[in-house]
Amino acid sequence: MGLADLWGHHWVGILLAASLLTMWSLPAAAQLTLDTNPFTTTQGEKDAVPSMSGTPWATQTHGRFIGLLAKPTISISQNTATEQMEQVTFYCYTKDANVTIQWFFKDVPLVFHERMQLSTDGKNLTILTVQREDSGIYKCEAQGFLHVHRSDPTFLTVNYGPDPFEIKLESGISSGEVVEVIEGSTVTLSVDTRSHPPPDYSWFLLNNSLPSSSMRTFTIQAVSKEHEGMYRCLVSNIATHLLRLSALEVRVLEMLTEPHIVPPTLNLMENASSVTLTCQTSHKEAGVLWFLRGQALLPNKHLVLSANNRSLVIHGLRRDDTGPYECEVWNWGSRARSKAVRLTISYGPDQVDITRGAASGAVSTVKAELNSSLTLYCQAESQPGAEFQWTLEHSTTVYMGQQLIIGTLTWEHQGVYNCMASNPLTQLARSASVLVTVVGPRSSLSARVIVGIALGILIFIALTAGLGYFLYNRNAKRFSRKKAEDPVQEAATPSSAEEPCAESCSNWPKAMYANLPEPQGQVGVKEKDPPSTASGYYCHGPRKPSSTVALDPLVPTLPKGNTESDYEVLVNPEQNIYCQINPSV
C-alpha cells in the first residue's frame, strides 16, 4: 500500500472519530490535538483516539493504544456476617489502569452512608457495622473513556434476630399480658418475630415443657380450666446465638348462664325512701349491665349503681319506676340476660270524680226525670284498684261498687250522694259528692202521706175482719146453748125434706093477731084472714113465726119467762095450723 493510501485512511479515521466524539458529547475539558504523529490523541494525561487496528476502539496513553476494558472482579472479606457485630470489606479488582470504579447494590447505584468507607481509588468498599439491610447483591463497574465493564454479582448474607416478640392469641381478646378464652373453644397461640436464619421455637406451660413444636404456633383443642396458666415461648437463632423469651397468661372463661334479679320482698309504696335490686350470678369475673324498658340504663341521682354494677338502688320511688328491669352478665366471648322484672308500686287513690256515664266528664249536680233510671260512676286512679262505697245523706244505707244504679227514680231518691274511694294498701281514702235532683209533676199528697193512708186502710180492714169473726163465733156459741136448753124448739126444726116448703112459706105475709084475751089462763088467738095478695100461696110444712113479727099496738105484752114456749103452747097447738089455710075461702 502506498503512502497516499495510508494518508487517506488516516484522515478517514480522524473524521470518523470526530463524528463519534460529537455524538457522545465529550466534556468541554476534553481536547483533541493533532500531534506530529497523526495516531495520537490525549484527554488530559489520557487521550482516547480511534483505533486503526482491526479492533474498532482502543485506549491510548501518551500515544500508546490499549485494547477494550477487562471485566473487573470483586473479592469480599466474608460472605456472611452477623448484624451489628462484624464489618465487611469489598475489593474491586481490574487490570486496567486509570479507570473509574462505580459500586452497585441490588443493581442500582450504591447510596453511601456513615457506616461505609470508600478508598480514594474507589476500589475498596468497607461496611463498618453490618446491618440486616446491608444483605444483598453487590457489583462494581470499571468505567473507561469510551467503554465500561461490570463485575459478576457478589452476595452478602447478614444473620440477625430473633427480634423481641409477643405471644398472640388468634382466637381471643388480648388484655396486656393476659388473654381470656371461652371454655370449650379452640385456642391457638402464635409468635411473630424477624430472624435470619429462621429461629427454633420451644413452648412451656408454667415450668413444664409442652409437646415439642418447632412451629411458631401452638394449638389447644377444647380448652378447659386445666389449661389456665402462664404460657412461655423461647425463640433461638443458632447463627446469631441469640435467645428471646416471651410469656402470656391465659384465663379460661366459663360459658355464661342466665342471671336473675332479686326483687324487694316488701310492699312498695310511692315515695318510699329507697329500693334495691340485685343481679345474682355465679360468674364472679363477668361484667354486669342493667337495662330499663329494653334500653341501657343510665345511672343518675335517682338510679344509682354499685361499684361492681351488681346492685341497682332506686331512691325516692315513683309510680313510673315499675320497669321492666333486666340485668346482663357478659365477657368478650358470651353474654346472658335475665328475665324481665316488673315492680308493683302502690299509690293513690288520686282525685275522685263522679260521672253520669263511663266516658263522660265529672259532674257535681245531676237532674233526672221522675220514674227514669239513673247510673252514677265513681272513678279514681289507684294501685291496686280502689274500693268504692256510696252513701245518701240522712241515710245509713251503704252501697258498694264503682257504679250506683237506681232503676226507677222517685222523690225519695233526691239528695246528696257521696262516693268514697279507698286503697287498702296505702291506707288512703278520698271522696266526692254529687247532688241528684228529680224533676216531674208532683201529687197533692206526699208519698209518706199516701203510704200512711194505705197502711191505715189495711189496719182497719184487718180489725173489722177480726171483730166480725169474733162476733160470729160468739153468736154461734150462744145459739148452740139455746138449742141445748129448749127441746121444743129443737123438735120444731124442719127436716131437710121440708126445707123447700119452709123456704116458700117464708115469702108469705106476716100473720096479724088481735083480740088477745087477758093474760090469766090460756089465751085463744084468733088469726085474721091474710090479705088477698097472699091467696095464691100454699105450703104443707110447719112454719115458725118470724122473730120480727109486726104486732098490733093493742096486743098486750107477753108475760116474762119462756114466752116462746107459752106462745107455742097457746097459739100453735097444731103444727100445720098456718099452712092449711085454703086460699079460696
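Residues numbered from 1 in each chain as written. Predicted model: local features only at pLDDT ≥ 70, side-chain atom pairs only at ≥ 80, totals over all residues. Heavy atoms only, no water.

Per an unreviewed UniProt entry, the recorded name for the protein is CEA cell adhesion molecule 20, and the organism is Canis lupus familiaris. Regarding the protein, the UniProt comment filed under Sequence similarities (unreviewed entry) reads as follows: "Belongs to the immunoglobulin superfamily. CEA family." (UniProt positions renumbered as here; feature names shortened; annotations may be inferred.)

Trainee: Help me understand the packing of aromatic side chains in this model?
Mentor: The relative placement of two aromatic rings is captured by the distance of their centres and the angle of their planes. All chains considered together, the criterion is met by four aromatic pairs. Considering the side-chain rings of F105 and Y138, the 4.6 Å spacing of their centres and the 40° angle between planes classify their relative orientation as tilted. Placement of F105 in strand β7 (residues 100-105) and of Y138 in strand β11 (residues 136-143) is noted, with a sequence separation of 33 residues between them. For the residue pair F105 and Y138, the accessibility class agrees, reading buried in each case. Ring-pair connections join several aromatic residues into one group, and the members of that group are F90, W103, F105 and Y138. Against the face of F104 rests R150, its NZ or CZ located 3.8 Å from the ring centre. Cation over ring: R337 sits above F291, and NZ or CZ is 3.7 Å from the ring centre. (Phe/Tyr/Trp six-rings, centres within 6.5 Å; stacked < 30°, edge-to-face > 60°. Helix = DSSP H or I, 4+ residues; strand = E, 2+ residues; numbered from the N terminus. Buried < 20%, exposed > 50% of the residue type's maximum accessible area, 1.4 Å probe, protein only. Lys NZ or Arg CZ within 6 Å of the ring centre and 35° of its normal.)

Trainee: When you look at the state of the cysteines in this model, what are you seeing that I'm missing?
Mentor: What makes a disulfide is a covalent bond joining the sulfur atoms belonging to two cysteines. Considering all chains together, one arrives at three disulfides under this definition. Residue C279 pairs covalently with C327 via a disulfide, S to S 2.1 Å. Measuring the twist about the S-S bond at about 70°, one finds the C279-C327 disulfide to be right-handed. Remark: C327 occurs in strand β30 (residues 325-330) and C279 occurs in strand β25 (residues 274-280); sequence separation between them is 48 residues. We classify C279 as buried; its relative accessible area is 4%. (Disulfide = S-S within 2.5 Å.)

Trainee: So what exactly am I meant to see when it comes to the pairing of β30 here?
Mentor: Taken residue by residue, a regular strand's side chains alternate between the two faces of the sheet. Most of β30 is tucked away, with five of its six residues classed as buried. Sheet topology places strand β26 (residues 287-292) next to β30; six bridges connect them, and they run antiparallel. Each residue of the ladder has a partner; that of F291, found in β30, is E326. Two elements, β30 and strand β31 (residues 335-337), share three bridges in a ladder whose sense is antiparallel. Paired with E328 across the bridge in β31 is R337. What sits between β30 and β31 in their antiparallel hairpin is a turn of four residues. (Pairing = 2+ DSSP bridges.)

Trainee: What is the right way to read the nonpolar core from this model?
Mentor: If you look at soluble globular proteins, the nonpolar side chains tend to sit buried side by side. Formed by 22 residues in total, the largest nonpolar core has its most connected members in I261, L277, W290, L312, I314, Y325 and L343. Secondary-structure elements contributing two or more residues to this core are β25, β26, β29 (311-315) and β30. Discounting residues that sit within four places of it in the chain, I261 has contacts with L277, T278, W290, Y325, E326, C327, S338 and V341. (Core = buried A, V, L, I, M, F, W, Y, C linked by side-chain atoms within 4.5 Å. Contact = heavy atoms within 4.5 Å.)

Trainee: In this structure, what is going on with the pattern of salt bridges? I would like to understand it.
Mentor: If charged atoms from side chains of opposite charge come close, those side chains can pair. Counted by the stated rule, this structure contains 16 salt bridges. One salt bridge connects K71 with D152, and the closest N-O pair in it is separated by 2.5 Å. Residue K71 is found in the loop between β3 (64-66) and β4 (73-76), and its partner D152 is found in the loop between β12 (148-150) and β13 (154-159); the two are separated by 81 residues along the sequence. For K71, a relative accessible area of 42% puts it in the partly exposed group. Overall, D152 belongs to the partly exposed group, its relative accessible area being 45%. (Salt bridge = Lys/Arg side-chain N within 4 Å of Asp/Glu carboxyl O.)

Trainee: How should the sheet that holds β29 be read in this particular structure?
Mentor: Pairing between the strands of a sheet comes from backbone hydrogen bonds, and it takes one of two forms, parallel or antiparallel. Strand order in the open sheet made by the four strands is β23-β25-β29-β28, with antiparallel pairing throughout. Each having just a single partner strand, β23 (260-262) and β28 (303-305) make up the two edges of the open sheet. Going from strand to strand, the sheet's axes swing by 25° on average, the running direction of each strand aside. Across five bridges, the pairing between β25 and β29 is antiparallel. Opposite V275, over in β29, you have I314 as the bridge partner. (Axes fitted to C-alpha atoms, helices over the stretch in contact; angles between N-to-C directions.)

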